[in-house]
Amino acid sequence: MSPAPPFRRHLPIGEPLPIVLDSPHSGEDYPADFDHLPSRAEVRRAEDTHVARLYRSAPRHGATLIEATFPRSYIDPNRSLADVDPDLLADAWGEPLAPSRKTAQGIGLVWRIARSGVPMYARKLASAEVRSRIERCWKPYHEALAAEIDARHRSFGAVWHIDCHSMPAVGDTHADDPGRARADFVLGDRDGTTCEPAFTRIVGETLRDLGYGVALNDPYKGVELVRKHGRPAENRHSLQVEVNRRLYMDEVTLLPNDGYAKLERDLEKLLSAVALFVRRSLV
Ligand SMILES: [Zn+2]
């Protein structure tokens, strides 16, 4: 029997619309070979815990939702395959690498440190291990997401993708904004390059009307997934949405807090507004 796919796909209920959501960082299935050094509780603080569940109404609004089941600290689908830290490896990678600022911060394709800044491993990893993670997790996730986005684009001539994340309430020591309190939501369109401005605007305005503070591209501009799928000239629109974890969970225990139910309701209102926007755009 082949292993279970490293993602879950939730298809539209009723009339499909060209809206695809993905939650690359909410996976909680820790592989047996993930021999991290810090405690599981510490490593789990890298997750965008609950994010896929918070958007579970998406299929009722015509959207497809893809969620990763593997943890992003094992291998991060929101990083490019060249974003590898050579110092993490016991042997040569064998292909040119292009480590980004994320790798310098210890949070590239394979994380070198946990959220607290302590090393993730007591050893170096073999290149073959990292390649195996790519083959088992990163590639199937990317292929599944690309297939959904391409299929909707083929049917409708346009597609809107929301890359769903959550963020710590305050920047970590290794973030771009250490010690700074974050807005309720941060929208990332890589400075207006991954989607039409009207899409960023409708998402931002809807959230502000619901009473939330919304920042644009600060401190998160969007990374690999919106960069890969956002081609507004081809009517492929991709926006990263980061929600502040304090709105829905205790950041230490990861348990939902008193705000969880309200946030879930408000995200359903957001999806309803996005569905209306997309219907009007298709006319
Ligand atoms: Zn994330």
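In what follows, the structure referred to is the one given above.
Criteria and cut-off values
- Every chain begins its residue count from 1, and numbering advances along the sequence as written.
- In keeping with the predicted nature of the model, local features appear solely for residues at pLDDT of at least 70, side-chain atom pairs appear and are counted solely at 80 or more, and the whole-chain, interface and lining totals rest on all residues.
- Calculation of side-chain values draws on the structure's entire complement of heavy atoms; hydrogens and water are dropped beforehand.
- Only DSSP runs of H or I with at least four residues qualify as helices, and only runs of E with at least two residues qualify as strands; both kinds are numbered from the N terminus onward.
- Accessible area is worked out with a 1.4 Å probe on protein chains only. A residue is then buried under 20% of its type maximum, exposed over 50%, and partly exposed in between.
- Any carboxyl oxygen of Asp or Glu that lies within 4 Å of a side-chain nitrogen of Lys or Arg is treated as forming a salt bridge with it.

**Remarks on the environment of Asp29**
Within the secondary structure, Asp29 is located in the loop between strand 2 (19–23) and helix 1 (40–44). Exposure remark for Asp29: the relative accessible area of 47% places this residue in the partly exposed category. Spatially, the C-alpha atoms of Asp29 and Arg8 are 12 Å apart, while their sequence positions differ by 21 residues.

**Digging into the pattern of salt bridges**
Across all of its chains, the model carries 31 salt bridges by this definition. For the salt bridge of Arg279 with Glu15, the shortest nitrogen-to-oxygen distance reads 3.4 Å. Pair noted here: Arg279 is in helix 7 (residues 260–282) and Glu15 is in the loop between strand 1 (7–10) and strand 2, with a separation of 264 residues, a long-range link. Between Glu264 and Arg56 there is a salt bridge, with its nearest N and O atoms 2.6 Å apart. Here Glu264 is found in helix 7, whereas its partner Arg56 is found in the loop between helix 2 (51–54) and strand 3 (63–68), with 208 residues between them in sequence. Salt bridges here are not isolated pairs; linked through shared partners, they connect Glu28, Arg44, Glu47 and Arg53.

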